[in-house]
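Breakdown of the fold
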Amino acid sequence: SGIDFEIIIIDDGSPDGTQEVARQLEKIYGSDKILLRPRAKKLGLGTAYIHGMKYATGDFIVIMDADLSHHPKFIPEFIRKQKEGNFDIVSGTRYKGNGGVYGWDLKRKLISRGANFLTQVLLRPGASDLTGSFRLYRKEVLQKLMEKCVSKGYVFQMEMIVRARQLGFTVGEVPISFVDRVYGESKLGGNEIVSFLKGLLTLFATT
Amino acid sequence: MTKLAQWLCGLALLGSAWAALALAPPGLQPPGPLRQALLPLPVYLLVAFGCYSLATVGYRLATFNDCEEAAAELQE
């Protein structure tokens, strides 16, 4: 495709053999293209970003889930969009254009739309999908944001966009499809909702 | 200014404007019909916002795309 890239894989000791597969990929594609940087134990998403960035040598960083819920076919779209508007961040959105989801029941969709609506009203963020984690960042922008963000989980993703707007960075959007992981249950329970609300109110009061 | 601060300022502004007009002493009150509409205005606005919220979330829920082809693609 003519685009220079490297893939940094961060695995916190997944029990499903991820590291084995990654090592095989490394053998096939070479360790300049596939950088396997595992960690001893499950340390969380934010630190995974920081850990990964240390090894990144490019100008832009695409963050995505590795379980195919984020399809790599969108990456050229992200790149195209970034060039189009010289954006600092390009965010994948499930809510606009022909973005969407698969495998979500009505309840999950309702919670998603409801939470997003509340977020839009309270934070007026200028982006339609704040809890998504399929994004392209300019490297320096990601570094700056990591320094400033303090929350965890869903709220961390939201905080990244909110702080980006605060700091005057530009955000473009690309519709993406989010296909739920083929195996395993989603854990959108009461606890998650409560911590989301707490995080939202914190952002509301502090940004 | 934080979003919270913006909201508080906005509410304070609107609130004081409403209070000034609605609770003014007899000499300075606006004419009859206007006053009658003014007093329950905050509640009306709240209800209107509630309806708007329900309608918006409902609409967005109904138009939430399901990407069948994307899932099929992945199964291959």
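Parameters at a glance
- Residues numbered from 1 in each chain as written.
- Chains lettered and ligands numbered in written order.
- Predicted model: local features only at pLDDT ≥ 70, side-chain atom pairs only at ≥ 80, totals over all residues.
- Heavy atoms only, no water.
- UniProt positions renumbered as here; feature names shortened; annotations may be inferred.
- Contact = heavy atoms within 4.5 Å.
- Buried area = accessible area lost by both parts, 1.4 Å probe.
- Salt bridge = Lys/Arg side-chain N within 4 Å of Asp/Glu carboxyl O.
- Polar contact = N/O pair within 3.5 Å; in protein donor to acceptor, adjacent residues only side chain to side chain.
- Helix = DSSP H or I, 4+ residues; strand = E, 2+ residues; numbered from the N terminus.
- Nonpolar A, V, L, I, M, F, W, Y, C, P; charged D, E, K, R; others polar.
- Expected span 1.5 Å × (residues − 1).
- Buried < 20%, exposed > 50% of the residue type's maximum accessible area, 1.4 Å probe, protein only.
- pLDDT = per-residue confidence, 0-100.
- Phe/Tyr/Trp six-rings, centres within 6.5 Å; stacked < 30°, edge-to-face > 60°.
- Core = buried A, V, L, I, M, F, W, Y, C linked by side-chain atoms within 4.5 Å.

- As named in an unreviewed UniProt entry, chain B is Dolichol-phosphate mannosyltransferase subunit 3, taken from Setophaga kirtlandii.
- Its UniProt record gives chain B the following Subcellular location (unreviewed entry) comment, quoted word for word: "Endoplasmic reticulum membrane".
- Taken directly from UniProt, the Sequence similarities (unreviewed entry) text for chain B runs: "Belongs to the DPM3 family."

- Under an unreviewed UniProt entry, the name given to chain A is Dolichol-phosphate mannosyltransferase subunit 1, and the source organism is Setophaga kirtlandii.
- Its UniProt record gives chain A the following Catalytic activity (unreviewed entry) comment, quoted word for word: "a di-trans,poly-cis-dolichyl phosphate + GDP-alpha-D-mannose = a di-trans,poly-cis-dolichyl beta-D-mannosyl phosphate + GDP".
- Its UniProt record, at the heading Subunit (unreviewed entry), says of chain A: "Component of the dolichol-phosphate mannose (DPM) synthase complex."

A word on the interface of chain B and chain A
- With 24 residues of chain B at the contact, the number on the chain A side is 32 residues.
- Overall, the association of chain B and chain A removes approximately 2400 Å² of surface from exposure, summing both partners, and the carbon and sulfur fraction of that is 67%.
- The partner of K109 of chain A in a salt bridge is D66 of chain B, with the nearest N and O atoms 3.0 Å apart.
- Along the contact surface separating chain B from chain A lie 9 residue pairs in polar contact (both at pLDDT 80 or more).
- Elements with a minimum of two residues in the side of chain B that touches chain A: α1 (3–22), α3 (41–62) and α4 (68–75) of chain B.
- Among the elements that take part in the side of chain B that touches chain A, α3 of chain B stands out by supplying 7 residues, more than any other.
- Partitioned by chemical class, the residues of the side of chain B that touches chain A number 12 nonpolar, 7 polar and 5 charged.

Details of helix α6 (residues 153–166) of chain A
Residue and element names in this part refer to chain A.
- Across its 14 residues, α6 extends 20 Å between first and last C-alpha, which sits within 8% of the 20 Å expected from 1.5 Å per residue.
- Among the 14 residues of α6, 10 are classified as buried, and the element is accordingly described as predominantly covered.
- All of the buried residues in α6 are V155, F156, Q157, M158, E159, M160, I161, V162, R163 and A164.
- With its phi angle positive at about 85°, G168 sits one or two positions after the end of α6.

Observations concerning the environment of A22 of chain B
- Within the secondary structure, A22 of chain B sits in helix α1.
- Excluding residues within four positions of it along the chain, A22 of chain B makes contact with L38 and L39 of chain B.

A closer look at the confidence of the model for chain B
- When pLDDT is averaged along chain B, the result is 85; 88% of the residues meet or exceed 70.
- At the low end of the mean pLDDT range in chain B sits α4 of chain B, at 71; at the high end sits α3 of chain B, at 94.

Structural notes on the pattern of salt bridges
Residue and element names in this part refer to chain A.
- Scanning the entire structure with this criterion turns up 10 salt bridges over all chains.
- A salt bridge links E20 to R23; its shortest N-O distance comes to 3.5 Å. Here E20 pairs with R23, and both are found in helix α1 (residues 18–29), just 3 residues apart, close to one helical turn.
- Owing to a relative accessible area of 45%, E20 belongs among the partly exposed residues under this scheme.
- Note on R23: relative accessible area 38%, which makes it partly exposed.
- Here E84 makes a salt bridge to K81, at a shortest N to O gap of 3.4 Å. Note that E84 and K81 are positioned in helix α3 (residues 75–85) at a spacing of 3 residues, about one turn of the helix.

Structural notes on the packing of aromatic side chains
- All chains considered together, the criterion is met by 8 aromatic pairs over all chains.
- Measuring from centroid to centroid gives 5.9 Å for W104 of chain A and F64 of chain B, while their planes differ by 75°, and the two rings are edge-to-face. With W104 of chain A in the loop between β5 (100–102) and α4 (106–123) and F64 of chain B in the loop between α3 and α4, this residue pair bridges two chains. Of the two residues examined, W104 of chain A and F64 of chain B, each falls in the buried class.
- Seen in terms of ring centroids, F49 of chain B and Y52 of chain B are 6.4 Å apart; in terms of plane orientation they differ by 35°. Their pairing is tilted. Here Y52 of chain B and F49 of chain B lie together in helix α3, a separation of 3 residues that amounts to about one turn.

Remarks on the nonpolar core
Residue and element names in this part refer to chain A.
- The biggest cluster of nonpolar side chains holds 29 residues, and the ones touching the most others in it are L123, L142 and M160.
- Elements with a minimum of two residues in this core: α2 (45–55), β3 (60–63), α4, α5 (139–148), α6 and α7 (190–206).
- Residue contributions to this core peak at 7 residues, all from α6.
- If you look at the next biggest cluster of nonpolar residues, it comprises 8 residues, including F74, F134, V174 and I176.

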